[in-house]
Amino acid sequence: MASDGARKQFWKRSNSKVPGSIQHVYGAQHPPFDPLLHGALLKAAPKMPTTPVRAKRVSTFQEFESNTSDAWDAGEDDDELLAMAAESLNTEVVMETAHRVLRDHSQRRGRPALQEAPGPEQRLKPEAEPPSAPADLRLVKSVSESHTSRPAEELRKLSWSGIPKPVRPITWKLLSGYLPANVDRRPSTLQRKQKEYFAFIEHYYDSRNDEVHQDTYRQIHIDIPRMSPEALILQPKVMEIFERILFIWAIRHPASGYVQGINDLVTPFFVVFICEHIEAEDVDAVDVSSVPADVLRNIEADTYWCMSKLLDGIQDNYTFAQPGIQMKVKMLEELVSRIDEQVHRHLDQHEVRYLQFAFRWMNNLLMREVPLRCTIRLWDTYQSEPEGFSHFHLYVCAAFLTRWRKEILEERDFQELLLFLQNLPTAHWDDEDISLLLADAYRLKFAFADAPNHYKK
């Protein structure tokens with residue numbers, strides 16, 4: 001065990017702040033601007049370049065839209081449709097999906113697969129079933145042929161094990177609740193929401209240097225260049241877009257204002273939406289220079305609204321003292337103590353506190369722990385799960401921690417153990433690693449979510 005002196009020297013050298021000590025930067029204390037009541041502030045948008053965007057190949061997802069338009073337009077109003085979309089997934093369906101993910105990957109790699117009975121002490125056994133079609137092909141094929149009367153629920157089920165890249169942008173917009181279920185209403189909704197966002201820009205953005213707002217804007221301006229991936233973020237157009245999105249969100253959410261960590265949540269939405277218009281093998285190196293200005297404007301607005309939908313569900317993570325994060329870290333500690341007592345006891349014996357490594361896991365939704373491509377895959381499932389970014393994320397973090405149990409138990413020094421937990425070797429992770437992590441997380445949720453006594457010793 002490291003001496004007290006060694007620990008003090010470590011913290012001094014690393015210049016680390018105690019987790020939870022992030023200084024909050026608050027937005028303006030005035031009610032949100034409603035562009036529908038301030039129409040005079042809307043100016044005609046400047047004429048944009050007419051460079052055509054690369055024609056997109058017709059997707060089977062478009063066939064799905066036309067085939068299920070009757071189901072989307074079943075006579076319910078938007079509130080009822082959104083409520084339907086938010087219903088919990090059938091437990092057996094998602095459990096089957098989780099096991100199918102494990103089985104598919106096990107057979108491709110020659111690994112054994114999990115038994116059917118869920119539980120944290122599950123042992124592995126080989127499966128004799130032939131491998132099924134790849135998950136992305138199953139998804140496109142299933143949605144294109146679906147005639148279900150519950151399309152939102154069906155879409156969530158199909159998206160749980162990953163969304164094909166060609167249909168990911170529209171699927172994320174649907175799953176987040178940004179796009180309406182009714183196909184005919186989508187164009188008008190997009191137009192209205194994009195117009196509304198740029199009305200906020202018109203009304204608020206010039207005030208960023210006012211005394212009351214300058215601290216908010218200054219912190220945003222400082223934080224964006226520190227984000228990753230640098231090849232994307234440091235492009236001037238991207239930096240300007242991110243600054244506008246974050247500043248407007250902060251001004252319109254004075255209860256939390258801008259808090260470091262929120263900035264990371266912009267990136268996945270922006271990258272997914274921009275990749276609809278450009279070819280990009282590496283999402284870390286997306287170049288926006290070829291994207292027409294009017295397309296970039298629409299992507300900016302769509303990113304703002306989808307990020308806002310996400311934050312609506314986890315805003316207590318970013319209010320004063322960040323109580324949501326404090327609570328989730330405590331729940332993670334209690335959960336790990338039940339599912340892997342040896343790892344929990346090892347951390348405790350070496351005086352490693354969960355806040356020292358898991359605060360960032362909650363604050364940034366693991367975005368600093370895995371590559372961006374893995375975050376995008378992770379968010380496919382988060383948006384398919386009820387309360388995915390809050391409740392299910394807890395189980396993902398527990399599965400993520402116990403994934404490294406061998407390495408954790410081998411470390412016998414406070415400093416080395418903490419450095420390992422803060423710099424986990426995930427640089428080469430891919431979709432398969434995330435799928436296995438998610439399947440394990442779902443088993444934990446199945447075993448513990450409805451058993452609160454498991455959290456108590």
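Calculation notes
Residues numbered from 1 in each chain as written. Predicted model: local features only at pLDDT ≥ 70, side-chain atom pairs only at ≥ 80, totals over all residues. Heavy atoms only, no water. Helix = DSSP H or I, 4+ residues; strand = E, 2+ residues; numbered from the N terminus. Expected span 1.5 Å × (residues − 1). Buried < 20%, exposed > 50% of the residue type's maximum accessible area, 1.4 Å probe, protein only. Contact = heavy atoms within 4.5 Å. pLDDT = per-residue confidence, 0-100. Core = buried A, V, L, I, M, F, W, Y, C linked by side-chain atoms within 4.5 Å. Domains from an automatic or database assignment.

Regarding helix α15 (residues 323-339)
Here is step 1 of the chain: The end-to-end C-alpha distance of α15, which contains 17 residues, comes to 24 Å, matching closely the 24 Å that a straight helix rising 1.5 Å per residue would cover.
Here is step 2 of the chain: By the burial criterion, the buried members of α15 are Gly324, Ile325, Lys328, Val329, Leu332, Leu335, Val336, Ser337 and Ile339.
Here is step 3 of the chain: Its buried side turned inward, α15 meets α16 (341-349), α17 (355-363), α19 (388-402) and α22 (431-448).

Section: the confidence of the model for the chain
Here is step 1 of the chain: Averaged over all residues, the pLDDT of the chain is 77; the fraction at 70 or higher stands at 66%.
Here is step 2 of the chain: The lowest-confidence element of the chain is strand β2 (residues 124-125), averaging 30 in pLDDT; the highest-confidence one is helix α18 (residues 372-382), averaging 98.
Here is step 3 of the chain: Predicted confidence for residues 6-90 stays below pLDDT 50, and this span has 147 contacts to residues more than four positions away or in other chains.

So, the environment of Trp172
Here is step 1 of the chain: If you trace the backbone, Trp172 turns up in helix α8 (residues 168-175).
Here is step 2 of the chain: With relative accessibility at 0%, the residue Trp172 sits in the buried group.
Here is step 3 of the chain: Sequence-wise, Trp172 and Phe273 are 101 residues apart; in three dimensions their C-alpha atoms are separated by 9.2 Å.
Here is step 4 of the chain: When neighbours within four sequence positions are excluded, Trp172 is seen to be in contact with Ile163, Pro268, Phe269, Val272, Phe273, Ile376, Trp379, Asp380 and Gln383.

Brief notes about unusual backbone geometry
Here is step 1 of the chain: Looking along the chain, the bond that leaves Ser228 and enters Pro229 is cis, with omega of 0 degrees.
Here is step 2 of the chain: With respect to the element layout, Pro229 can be found in the loop between α10 (214-223) and α11 (230-233).
Here is step 3 of the chain: A positive phi angle, close to 70 degrees, is found at Ala321, a residue other than glycine.
Here is step 4 of the chain: Position of Ala321 among the secondary structure elements: in the loop between α14 (293-312) and α15.
Here is step 5 of the chain: In the Ramachandran plot, Gln322 falls in the positive-phi region, its phi being about 50 degrees despite a non-glycine side chain.
Here is step 6 of the chain: Relative to the helices and strands, Gln322 resides in the loop between α14 and α15.

Notes on the nonpolar core
A general tendency of soluble globular proteins is for nonpolar side chains to be buried together.
Here is step 1 of the chain: If you look at the biggest cluster of nonpolar residues, it comprises 114 residues, and the most contacted ones within it are Leu265, Phe270, Ile274, Leu332, Leu347, Trp361 and Trp379.
Here is step 2 of the chain: Looking at this core, the element that brings in the most residues is helix α12 (residues 236-252), giving 11 residues.
Here is step 3 of the chain: Both of domain 1 (184-313) and domain 2 (323-449) provide at least three residues apiece to this core.
Here is step 4 of the chain: Those residues in contact with Leu332, other than ones at most four positions away along the chain, are Tyr354, Ala358, Trp361, Met362, Leu394, Cys397 and Ala398.

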